[in-house]
Each structure stands twice: as structure tokens, then as C-alpha cells.
Amino acid sequence: MYFISKEEVSFDALIEKANQDTFCALEKLLPRKKRNFLQNICSTKDCAINECIKIDERAYNALSIPLWEILKRKGKGWRGYILQVSCEAIGNQFDEYLDWLALPEIMHVGSLIIDDVQDSSEIRRGGKACHLIYGTGAAINAGTFAYFIGQKLIENSVLEDQRKLALYQEYMSLLLNAHIGQGLDIEGLKLVLEDSGSSTDTVFNTVMDIHKRKSGIPFGSFARMGAILGCGSAEQIKVLGDFFEEIGTLFQVRDDIINITGFDSNLKLQFEDLDHGKITLPVAVALRNLTKGKKELLSHLLRSSNHDAETLKNKLLSAIESTNSVKYCEDLIERSYKSALEVLLNSRCKLVNTEKIQMFSKRMLDFHY
């Protein structure tokens, strides 16, 4: 029997506090009131907006309402804690930077809204996807706006220029790589499968590269931002960034697993990726371990543009089951996590509160929505 320790109980309280602080920060970053809305969300204070007819109300309707439609469904709100725990690992308090907790969460919600449009998804966090409520155009605009509102945090901070520049560089690198990863994900792996010189190891590595760009690099950037806020050394910033980059990549592997095993509380449709014929990591593992004939048949179906979706899904599920791919992915998460943690704990740079990093990252990878 598994018993929850006192440390874990206090850690749950800590994460709950971070969640509460995140949503307080979100209220500041993206106001839920119409009055002076544009003035409150712009990073600069010289916007000539007073003479425009109902500009605050119109901007509020276009930006705040669609985003808060998803935000109010209360996600875990823990992504911002990557910033906090990384700042504290340097040995500095995070209290003066609590507003920064909003940045990862609002960027994440923006990406969810865009993902749902791109994937024609119907359900998000137990309710209708944003574009089904407000329309595709409004959803896309609000979702992409969420990527850039974080500029306000940097511009309004009292940080010296060197740290502001470092934060801007991380911010832009995060957005660039996440969009590259999303573009590669949308494009799919047909070209990889069609390349006669490509092995199934190449397919596996390509999926992992997409996961790294979509999730790993953003997680790493959030950790580096936190370390920068905490005045960390170059080595401390790198070590924390590298660790959370690996955790973010593995978190995407966990997402692939959950898409097969199922989501709690109907938060998202089971098998949605397989319904779209998407090559997730369990599929890539199956392709690597199938017999030659079955591998060629499945590759042909995945390349085909006129396959029957239900037939393909059933064959993918059969391949995943026969090759025990989900178990392989579970083991990969455990092995890679232990390896990344060992590097972090054995690094020569001074870090404190590493037990919080260890517990938080482990909870992230055990997360079941």
C-alpha cells in the first residue's frame, strides 16, 4: 500500500498555492473588466484610444472573453511553478515575481485554442472548444494574442536591461521553436515514411524531435526565465533549463500515452490522435517493432490519403497492443527522468530546494489529466 508522506501533503498545498497565485496573476495580466481594458493590457502607456467608439468593450469581447472561456475551466495552473521553483533553486525568493506565473498558463491556453482549430477538436477541458463557441476567426486571434501579452511583464518590470534582454531572448526562442514543432506536427511524417532511406528509428527520433520543440524547449525556457529572474549564473541557468527541457519532452510522451489509455472526466477525446492518423510515439515504437510485412502494411496505410479512418485506427491500436508500445513509452519516461535528475543533482553548480524540483517534476510525469 502507498502512503502519502507529510512532505507530499505540504507539497500539494504548495502547488495549490501556486495555482491560486497563477489565477490572481492572470486576472492582472488579462483583466475581466471592460473599463480601460486596452490601457491595462498594453505594455506601453501612450496608446491613443480614448476617442475610439467603445474600443475597450470591443477589444474585451475579442480578446478577454474567448481566452477566459478556457481559462475559467481551471486547468492545473502548474506551468508557472517551473518559473518559481527555478528561481528559488538559485536561492532567491519569488514573491516579487508572482505576476510572472500568468505567462506560462496564458501561453498554454492560447496554444490549446489554436490546436483545437488546427485539429478540428470539439472538446477542451470538459466543454466545447473555443472556436465552436466564438467562431474560428475570433478563436485564432485570441489564441495568438495570448502568445504576446507576456511582453507586458517584461516591459513593466524594473529589471536591468541585461536581464530584460535575456528574458526576451528566451521568450522569442520559445515561440519560434514551439511554432516549428507545431508546424512539423501538422505536416506529419508522410515524407519521412516515403523516404526509402528512412529507418523506423528515424521515425522514432523525428517524433521525439517534435515533442522537444513543442513542449521540451518551452519548459526549458520557462526554467531559464525563472533562473534569470533569480539572478542565476550561466551554469545554473543552463542546468535548470536542460533538466526541464527533458521533463517537457517526456511530458509530451505522457500525453501520447494518455491519448490511448484515456482522459479523466472527459477532458479530451480518447484516440483523437489516432482518429487523425497521427504518428505519436507509441505508433513510432510499434513501427520499429512490428514484423517486416506488418510494418510495410501499416506504413502504407499511414502514407495513404484515401484510407478509411476507422480501419487505420483499429490497425494502429492492434499494432500498439501487439508490440507493447505503451509499456515501452512508460519505461522510457522512467529511465529518462532518472537520468535527467541524476545530471541535475550531480551538477557542480550550487542549487537549493532540489527536493521540490524532484517532487514537482515527478508529479508532472505521473499526471493523468
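Everything quoted here is computed from the prediction, not taken from an experiment.

## Describing the pattern of salt bridges
Phase 1: Within this structure, the stated rule accounts for 22 salt bridges.
Phase 2: When the shortest N-O distance is used, the salt bridge between Lys17 and Asp21 registers 2.8 Å. On the criterion of helical spacing, the pair formed by Lys17 and Asp21 is a turn pair, its members being four residues apart in helix α1 (residues 6-29).
Phase 3: Note on Lys17: relative accessible area 45%, which makes it partly exposed.
Phase 4: For Asp21, a relative accessible area of 16% puts it in the buried group.
Phase 5: When salt bridges that share partners are traced, they join Glu69, Lys72 and Arg73 into one network.

## What about the packing of helix α14 (residues 281-289) against helix α15 (residues 292-303)?
Phase 1: The interhelical angle for the contact between α14 and α15, taken along N-to-C directions, is 140 degrees, at an axis separation of 8 Å. In this view, α14 runs oblique relative to α15, as classed from their interaxial angle. For the element pair α14 and α15, the recorded crossing hand is left-handed. Packed against α14, whose contacting residues are Val283, Leu287 and Arg288, the element α15 presents Lys295, Leu298, Ser299 and Leu302 at the interface.
Phase 2: Residue composition of the contact of α14 with α15, by class: four nonpolar, one polar and two charged.

## Comments concerning unusual backbone geometry
Phase 1: The backbone phi angle of Lys54 is positive, close to 50 degrees, even though this residue is not glycine.
Phase 2: Among the structural elements, Lys54 can be located in the loop between α2 (37-41) and α3 (55-71).

## A closer look at the environment of Phe204
Phase 1: Tracing the chain through its elements places Phe204 in helix α11 (residues 200-229).
Phase 2: By relative accessible area, which is 9% here, Phe204 ends up buried.
Phase 3: Residues Phe204 and Val283, spaced 79 residues apart in sequence, show a C-alpha to C-alpha distance of 8.7 Å.
Phase 4: Here Phe204 is in contact with Leu281, Ala284, Val285, Arg288, Tyr328 and Leu332, once residues within four sequence places are set aside.

## Topic: the nonpolar core
Phase 1: By size, the foremost hydrophobic cluster in this structure holds 106 residues, and its most contacted members are Trp100 and Phe244.
Phase 2: Top element by residues in this core is α11. It accounts for 12 residues.
Phase 3: The residues touching Phe244, leaving out its near neighbours within four places in the chain, are Ile82, Val85, Ser86, Gly216, Phe219, Gly220, Ala223, Ile357 and Phe360.

## Quick look at the side chain of Ser221
Phase 1: Looking at the secondary structure, you find Ser221 in helix α11.
Phase 2: With residues up to four places along the chain from it excluded, the contact list for Ser221 reads Glu170 and Leu174.

## Considerations on the packing of aromatic side chains
Phase 1: Following the criterion strictly, the structure yields 12 aromatic pairs and no others.
Phase 2: Arranged with centres 5.4 Å apart and planes meeting at 75 degrees, the rings of Trp78 and Phe251 form a pair that is edge-to-face. Of this pair, Trp78 sits in the loop between α3 and α4 (80-90) while Phe251 sits in helix α12 (residues 234-261), and the two are 173 residues apart along the sequence.
Phase 3: Its relative accessible area of 8% is what places Trp78 among the buried residues.
Phase 4: Classification of Phe251 by relative accessible area gives buried; the value is 5%.
Phase 5: What links up through ring pairs into an aromatic cluster is the set Phe11, Trp78, Tyr81, Phe219, Phe243, Phe244, Phe251 and Phe360.
Phase 6: Directly above the aromatic system of Trp68 lies the positively charged group of Arg32, at a separation of 4.2 Å from the ring centroid.
Phase 7: Taking NZ or CZ as reference, Lys74 lies 3.8 Å from the ring centre of Phe23, over its face.

## Considerations on the environment of Ser120
Phase 1: Turning to its location among the elements, Ser120 is positioned in the loop between α5 (102-119) and β1 (123-124).
Phase 2: Under the relative-accessibility criterion, Ser120 is labelled exposed at 57%.

## Examining α4
Phase 1: Taken across its 11 residues, α4 has 11 buried, putting it largely inside the fold.
Phase 2: Within the sequence span of α4, burial applies to Gly80, Tyr81, Ile82, Leu83, Gln84, Val85, Ser86, Cys87, Glu88, Ala89 and Ile90.
Phase 3: The positive-phi residue at the C-terminal boundary of α4 is Gly91, with phi of around 110 degrees.

## Things to note about the confidence of the model for the protein
Phase 1: Residues of the protein with pLDDT of at least 70 account for 89%, and the chain-wide mean is 88.
Phase 2: Mean pLDDT per element in the protein: helix α13 (residues 272-275) is the minimum at 69, and helix α6 (residues 130-134) is the maximum at 98.

## Looking at α14
Phase 1: With seven of nine residues buried, α14 lies mostly within the body of the structure.
Phase 2: Those residues of α14 that fall on the buried side of the exposure criterion are Leu281, Pro282, Val283, Ala284, Val285, Ala286 and Leu287.

## Side note on the side chain of Asp56
Phase 1: Along the chain, Asp56 turns up in helix α3.
Phase 2: Buried and unpaired, Asp56 has Arg35 as its nearest opposite-charge partner, separated by 7.7 Å.
Phase 3: Of the polar contacts made by the side chain of Asp56, one reaches the backbone nitrogen of Phe37; its length is 2.9 Å.

## Focus: the state of the cysteines
Note on terminology: disulfide describes a covalent bond linking the sulfur atoms of two cysteines.
Phase 1: The full count for this structure, using the stated rule, is zero disulfides.
Phase 2: Here Cys87 stays free of any disulfide, with the sulfur of Cys231 as its closest cysteine sulfur at 8.0 Å.
Phase 3: With a relative accessible area of 0%, Cys87 lands in the buried category.

Parameters at a glance
Residues numbered from 1 in each chain as written. Predicted model: local features only at pLDDT ≥ 70, side-chain atom pairs only at ≥ 80, totals over all residues. Heavy atoms only, no water. Salt bridge = Lys/Arg side-chain N within 4 Å of Asp/Glu carboxyl O. Helix = DSSP H or I, 4+ residues; strand = E, 2+ residues; numbered from the N terminus. Buried < 20%, exposed > 50% of the residue type's maximum accessible area, 1.4 Å probe, protein only. Axes fitted to C-alpha atoms, helices over the stretch in contact; angles between N-to-C directions. Parallel < 35°, antiparallel > 145°, perpendicular 65-115°, else oblique. Left-handed = near helix turned anticlockwise from the far one by under 90°. Contact = heavy atoms within 4.5 Å. Nonpolar A, V, L, I, M, F, W, Y, C, P; charged D, E, K, R; others polar. Core = buried A, V, L, I, M, F, W, Y, C linked by side-chain atoms within 4.5 Å. Phe/Tyr/Trp six-rings, centres within 6.5 Å; stacked < 30°, edge-to-face > 60°. Lys NZ or Arg CZ within 6 Å of the ring centre and 35° of its normal. pLDDT = per-residue confidence, 0-100. Lys, Arg positive; Asp, Glu negative; His and termini not counted. Polar contact = N/O pair within 3.5 Å; in protein donor to acceptor, adjacent residues only side chain to side chain. Disulfide = S-S within 2.5 Å.

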